[in-house]
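Residues per chain, in single letters:
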Amino acid sequence: SGSPVIPRSGNCIALNAGGAHEAASAFFLPLDRAVYVLEWLKSHPNEIPLPPRGSLLARWLFQPFDMLRRLGFTAEQEAEVLALSPDASVNDRQKGLLVVENVIRGTEAEQKLKPGDVLLEVAGKPCLNFVILEEQLDTAVDHEVNIKLSRAGEVMNIHLRVVDFHKLISHDFVECGGGVFHVLSYHTCKTYNIPILDRGIYVSQSGFSFGLQIPVSAVITSVAQKKVTSLTDFEQALAGVPNKEMFEVRWFNPSANEHRQKCSMIRMERTLWPARVWDFCPKRPNTWKRRSWVDEGMKEMAKTASAPEPVECSPVSDSRSRASAEQDSDTVPAALREEDSFGYPENSDAAISMVQPMLCTIVTQVSHEYATDFLQSKEENKSTVIRRFGVGLVIDSVSGLVLTDRYTVPQPLVEVELTFGQTVTVNATCLFMHPHHNMVLLHYDPLAVKDLPVRAIDLGDVSPKTEELSAGQVLSFVSIHSDHQLSAKQVTVGSMCLKVWPFPQPPAYRGRNLEICNLNDTLHGLGGLLIEPAPSYRIRAWFAQFPAGSLRYLAGVPVQVFAAVLSSLGLESKWAERVARPLDPALAVAALECEFEEVSLAKARREDGVPLENARALAACSSGGRRQILRVGRIMSGGGCDSILLEGDLVLSINGKPVTKPHEIEREMRKCHTCDGEESVSSMRWRVQRSRQPMDLDLTPTLLHSDGTEHIVVFNGVVLRPTPRAVAERGGPTLPFTRPGQGLYFWYIYPGSPADTFSFADSRAMRNLGWLVQLNNEPTPSIDRLLEIIHSGALSGCEWLRCHVMDAEGRLSVRALRPDFEFWPTVEIVRRKSQGQETYQAPTWERVEHMA
């Protein structure tokens, strides 16, 4: 679009307005209006570049004379029109006139014009086409003009005021909660027959706060019980809503032909998406000026307002502080009596009644542009906000700890809500994401659910000697659904296996070294607990959602397996003592950066030559009807096992004890992990079978902290973060800036940003992922270094930036990017953790803008 249409003569005769790929056709625009604008700009070099444009707020259609006859246009009137150009040839002779097709509601034109009116004259001059009409209206903006028309053959004269067309176009807009809003435009009013007066606020982008409740193209009519008809009304109504508070929005959706108003409850979010107004500044060239709508009065009101102290804070959630919780603990009974509590819903199924105090429903929300650590499904890719549902397992009701999976909580930058007993919903924060296993620890304020008898699972009797699940066992499965309802059914255990998950593309988290159990029955719901029948109701497995690329897989984790994982985090004392202990914000786990596979003992003896005495020892410690040996299937590049273990090694024993399951190895590593003053890990003695020969090795586990991205920078529209562990686990390039926690890794680029406009990443070759390794002449090995370059002023005044990027295969290329620091400032999002606090302070997210 916009290209010139040039005939053989070489003169431009039109502009290409659009074409169809499937057909040899195109639409051309005449040059009359383009010439008018060009001449006006040349003759008014010192004025605001807005050439006058007038409108009668009516839609006109050119109709031939035979169609006009059907509307009552007489033969005499047609003869008068043809007499205006008596010397014209047959091809150039007037063939019709303009007819009112419809008018905009709520205007003067609606009162004076009628569909079917034939336009004869404007301001005393014959109006034969659109060019003459627009010329007359552009010279009479904000003035009345005389309109002569024919209505059913009767000639009439009316007076209409010419409206300034520029005032009908939305120039200013508001950003709030990641969404973009502006006054409903003239064109939308015309398309959906909406009154031009009191038109409301148009949702151009719904963003994070509004995305799940209000669709794009909706029209907002009121905010927080205040009617909004202009952008000023909208700004003032939103400015009175405190951060994190819920407020009511009324709206309708004309694009879906739904003009009846709906009501939605929205939560204000200004932490990651500050509220701003962009005011149009007409000049050469036109631009916009950004300002915050929170004036000094609002700031003072926010300081003096009584609000809960924001301690337990997810990206968009607050709750009471831990210190306040401890102060109130004396007034809250340790165990609520049933008659004093709100209580759980009654259920005739004893298994559900037994289990439901241990379960909660989890709802998470992630903004699409900040979905950095996981793959989205096709439906999630189309949405602005990604919402997922899952099940939470209460492991400590005193300290407020819930266990869930990494499909439900895929990254730390996420909003988390827990619902207990279909009654109470509280906010939670991500405490720890296991780097290898499909487990996430959440923390919530236990006082927020004091009206419910929440009960933690009892893992005190779980030990290495606990009976394992075996195929054919008949148990009860209690599951929870997205509507918070619970169901129970009798199921049969199918199999136990060490699942090897496929690698997602682009690289993202995948589970490893975790035994799962499958059932012979079809499962419904988000997950739950596998328990023994009455009267014991003993827990045998926890069922959760496992991420499998962009899909999910429901499987169970045996109780002794996830109990061993929790023990490795030092949490076994909590369920043993049932008292509140200080939470460690820097939880760490001793782990081996390698992946194991199961091999049958018979195959290992025949093909790898496992000695008879080792085979007997492994067979003696096997359980669950399975006799297998662990083989090293993959080693993380640059990890602690690299160059010590080799792919294909068979594990015979650790510290002299035969092991056949990954959780047995983790139990041994737990013994090597000490926390006396300073955390340390001692080495372990491994005996492996390599190349048909036994071999002794000394291995020291690696101390790993919580996984997930906690530091992000948005630079000209490309989202940069440290290299995730999944890249090294996949076996990518081993250059220094591609190691976990180093470099500037990207896989998302904002549509319409400078990085998108100037093809920062070749979507075909790079698949929009890679590393930014150098900016102009400055290497960028980390986020801190990039911010140093920006603060030094080295990028100010640069018309073009040379961006050296490397793709997933290690190929280097240079991309030229024209920066735009006005509309795309450098934004840093970082998770702040409390240090040296006597009481636990939940991490908070902070957004910082860096000016070049």
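Note that the structure is a prediction, hence the values are computed from the model and not measured.

## Some points on the pattern of salt bridges
Tallied over the entire structure, the rule returns 39 salt bridges. Put simply, lysine 244 and glutamate 269 hold a salt bridge, and the shortest N to O gap is 4.0 Å. Here lysine 244, found in the loop between α8 (231-239) and β17 (246-253), pairs with glutamate 269, found in the loop between β18 (258-267) and β19 (276-281); they are 25 residues apart in sequence, far enough to count as distant. In this structure lysine 244 comes out as buried when scored by relative accessible area, which is 12%. Owing to a relative accessible area of 1%, glutamate 269 belongs among the buried residues under this scheme. Among the salt bridges present, the one from lysine 657 reaches glutamate 668, with a minimum N-O distance of 3.8 Å. Of the two residues, lysine 657 is situated in the loop between β36 (650-654) and α17 (662-672) and glutamate 668 in helix α17; the sequence distance between them amounts to 11 residues.

## Overview of the pairing of strand β27 (residues 474-480)
In terms of burial, β27 is a largely internal element, six of the seven residues being buried. Relative to strand β28 (residues 486-498), β27 is paired through seven bridges, and the arrangement is antiparallel. Pairing of valine 474 across the sheet is with threonine 492, part of β28. The antiparallel hairpin formed by β27 and β28 contains five residues in its connecting segment, where histidine 484 sits at a positive phi of about 70°.

## Looking at the sheet that holds strand β39 (residues 684-690)
Judged by pairing direction, the sheet is antiparallel, and its five strands sit side by side in the order β34-β35-β36-β39-β40 without closing on themselves. Each of the sheet's edge strands pairs with one partner strand only, and the pair in question is β34 (594-600) and β40 (693-699). Going across the sheet, the axis of each strand differs from the next one's by a mean of 40°, ignoring polarity. Across four bridges, the pairing between β36 and β39 is antiparallel. Residue pairing across strands places isoleucine 654 opposite tryptophan 686, the latter belonging to β39. Of the strands in this sheet, β34, β35 (628-635), β36 and β39 are in contact with helix α15 (residues 601-608), which crosses β34 at around 95°.

## Observations concerning the sheet that holds strand β24 (residues 415-420)
Strand order in the closed barrel made by the six strands is β21-β22-β23-β26-β25-β24, with antiparallel pairing throughout. Each adjacent strand pair in this sheet contributes to an overall mean axis angle of 40°, direction not counted.

## Some words on the pairing of strand β9 (residues 144-151)
Inspection of the sheet shows strand β7 (residues 118-122) paired to β9 by four bridges, in the antiparallel sense. If you follow leucine 119 over to β9, its bridge partner there is leucine 149. In the sheet, β9 pairs with strand β10 (residues 154-161) via eight bridges, with the strands oriented antiparallel. Residue glutamate 144 lies in a different strand from β10, and its bridge partner there is arginine 161. Hairpin connection from β9 to β10: two residues lie between these consecutive antiparallel strands, with alanine 152 at a positive phi of about 55°.

## Focus on the confidence of the model for the protein chain
For the protein chain, the mean per-residue pLDDT works out to 85, and 88% of the residues sit at or above 70. Overall, residues 300-339 carries pLDDT values under 50, and its contacts beyond four positions in sequence, including any with other chains, amount to 75 contacts. This stretch, residues 573-579, has a pLDDT under 50; its non-local contacts, to residues over four places away or in other chains, come to 21 contacts.

Quick notes on the rules
Residues numbered from 1 in each chain as written. Predicted model: local features only at pLDDT ≥ 70, side-chain atom pairs only at ≥ 80, totals over all residues. Heavy atoms only, no water. Salt bridge = Lys/Arg side-chain N within 4 Å of Asp/Glu carboxyl O. Helix = DSSP H or I, 4+ residues; strand = E, 2+ residues; numbered from the N terminus. Buried < 20%, exposed > 50% of the residue type's maximum accessible area, 1.4 Å probe, protein only. Pairing = 2+ DSSP bridges. Axes fitted to C-alpha atoms, helices over the stretch in contact; angles between N-to-C directions. Contact = heavy atoms within 4.5 Å. pLDDT = per-residue confidence, 0-100.

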